[in-house]
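Overview (structure and organization)
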Amino acid sequence: MSAIPLTVRGAKRLHEELHRLKTIERPAVITAIAEARAQGDLSENAEYDAARERQGFIEGRIAELEGTLSNAQIINPQELDTDGRAVFGATVEIEDLDSGDRVVYQIVGDVEADIRANMISVSSPVARALIGKSEGDVVEVQAPSGPREFEVISVQYL
């Protein structure tokens, strides 16, 4: 399996989720299954079925997180020789040249991407256009509505 790029903060979040699942969620669902079993007939026991389903979800997520973390390549942009350019892990402020709207994105791996938190995947069209660009550069991004131009306002490595 190939390396999975993660930011330092993203790797920390995944480790915390894995720890929570193993130390809190897994024991809780095991207790719920035991309590449901104690109620008797399992064929008509909705609590037992729900607990077993939850257990399957938790075990699947644990396996997924362990796989991701075992193949993770943790990248800290502060340790890279970036020369002011946008790289993986950088936080980039851009301005839409048509509307004047400004937005700040952090370029992260596919696993960490969350547009609601302004974290865009390194493989997204916007991130691909920004990689290697510096403050003042203008990039063109192919959007569904047609090409759009953005100016790089700032590049930070948080």
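Our structure is the block above this text.
**Quick notes on the overall build of the protein chain**
- Of regular secondary structure, the protein chain possesses 3 helices and 7 strands.
- Listed by position from the N terminus, the elements making up the protein chain come as β-α-α-β-β-β-β-α-β-β.
- Here the C-alpha radius of gyration of the protein chain, 22 Å, is well above what a compact globule of 158 residues would show, namely 15 Å.
- Projected onto the principal axes, the alpha-carbon positions of the protein chain cover approximately 70 × 35 × 25 Å.
- A buried classification covers 37% of the 158 residues belonging to the protein chain.
- Residue pairs at least 24 apart in sequence account for 53% of intrachain contacts in the protein chain once pairs closer than 6 positions are excluded.
- Carbon and sulfur atoms provide 49% of the accessible area of the protein chain, an area that totals close to 9400 Å².
- Across the protein chain, the 16 positively charged side chains and the 28 negatively charged ones have centroids separated by 5 Å.

**Quick notes on the nonpolar core**
- Judged by nonpolar contacts, the single largest core of 18 residues is most densely connected at Val92, Ile94, Val126, Leu130 and Val155.
- Examining the composition of this core, we find that 4 residues originate from one element, helix H3 (residues 125–130), more than from any other.
- Apart from residues lying up to four places away in sequence, valine 155 is in contact with Gly84, Arg85, Ala86, Ala90, Thr91, Val92, Lys133 and Glu135.
- Counting 14 residues, the second-largest nonpolar core is a separate cluster that includes Leu21, Ala51, Ile58 and Leu69.

So, how was this worked out
- Residues numbered from 1 in each chain as written.
- Predicted model: local features only at pLDDT ≥ 70, side-chain atom pairs only at ≥ 80, totals over all residues.
- Heavy atoms only, no water.
- Helix = DSSP H or I, 4+ residues; strand = E, 2+ residues; numbered from the N terminus.
- Rg over C-alpha atoms; globule rule 2.2 N^0.38 Å.
- Buried < 20%, exposed > 50% of the residue type's maximum accessible area, 1.4 Å probe, protein only.
- Contact = heavy atoms within 4.5 Å.
- Areas by Shrake-Rupley, 256 points an atom, 1.4 Å probe, with all protein chains shown as cover.
- Lys, Arg positive; Asp, Glu negative; His and termini not counted.
- Charge placed at Lys NZ, Arg CZ, Asp CG, Glu CD.
- Core = buried A, V, L, I, M, F, W, Y, C linked by side-chain atoms within 4.5 Å.

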